[in-house]
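Per-entry structural report
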Amino acid sequence: MARTLEQDWEAALAAEDQLKAEYARCMASEPTALSAEERARIRRLAGDLPALWNAETTGNDERQAIVRLLVERVIVTVVDDSEQVAVEVHWIGGHRTRARLTRPVARLEQLSTYPELAARVLC
């Protein structure tokens, strides 16, 4: 009977050790909450981004790293195979910026104003 109790006790201790290790791994992967001081420091750094971006010592690699930290994804859509392009930037904080741009095209037929141009030429 004592041997069975000892085996059960050892199994319970092993299970406890395993649960503690699993909990420690889980807690290590969880992000920690920022303190008020850390938040204030991040806000100050965010105010310095234009200066950092325009500094002579900031290279293209660093600018690219900054963009990767701020932008989640960019969606570029060509409108009807024309020169018109819709761009949507998804920022890390959830904000989205939309813009329309003009791209170079290979053929005049790709221009969104081609029907009007052709009508003017044919008149």
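Notes on the structure in this doc start here. (Residues numbered from 1 in each chain as written. Predicted model: local features only at pLDDT ≥ 70, side-chain atom pairs only at ≥ 80, totals over all residues. Heavy atoms only, no water.)

All right, on to the sheet that holds strand β2 (residues 84–91) then. If you trace the three strands from one edge of the open sheet to the other, you get β1-β2-β3, paired in antiparallel fashion. For this open sheet the edge positions go to β1 (71–78) and β3 (96–102), each flanked by a neighbour on one side alone. Strand-to-strand twist in this sheet, taken as the mean axis angle between neighbours without regard to direction, amounts to 20°. Bridge count for β2 against β3 is seven bridges, and the pairing is antiparallel. Paired with V85 across the two strands is L101, which belongs to β3. Strands β1 and β2 of the sheet are contacted by helix α4 (residues 60–70), whose axis makes an angle of about 90° with β1. (Pairing = 2+ DSSP bridges. Helix = DSSP H or I, 4+ residues; strand = E, 2+ residues; numbered from the N terminus. Axes fitted to C-alpha atoms, helices over the stretch in contact; angles between N-to-C directions. Contact = heavy atoms within 4.5 Å.)

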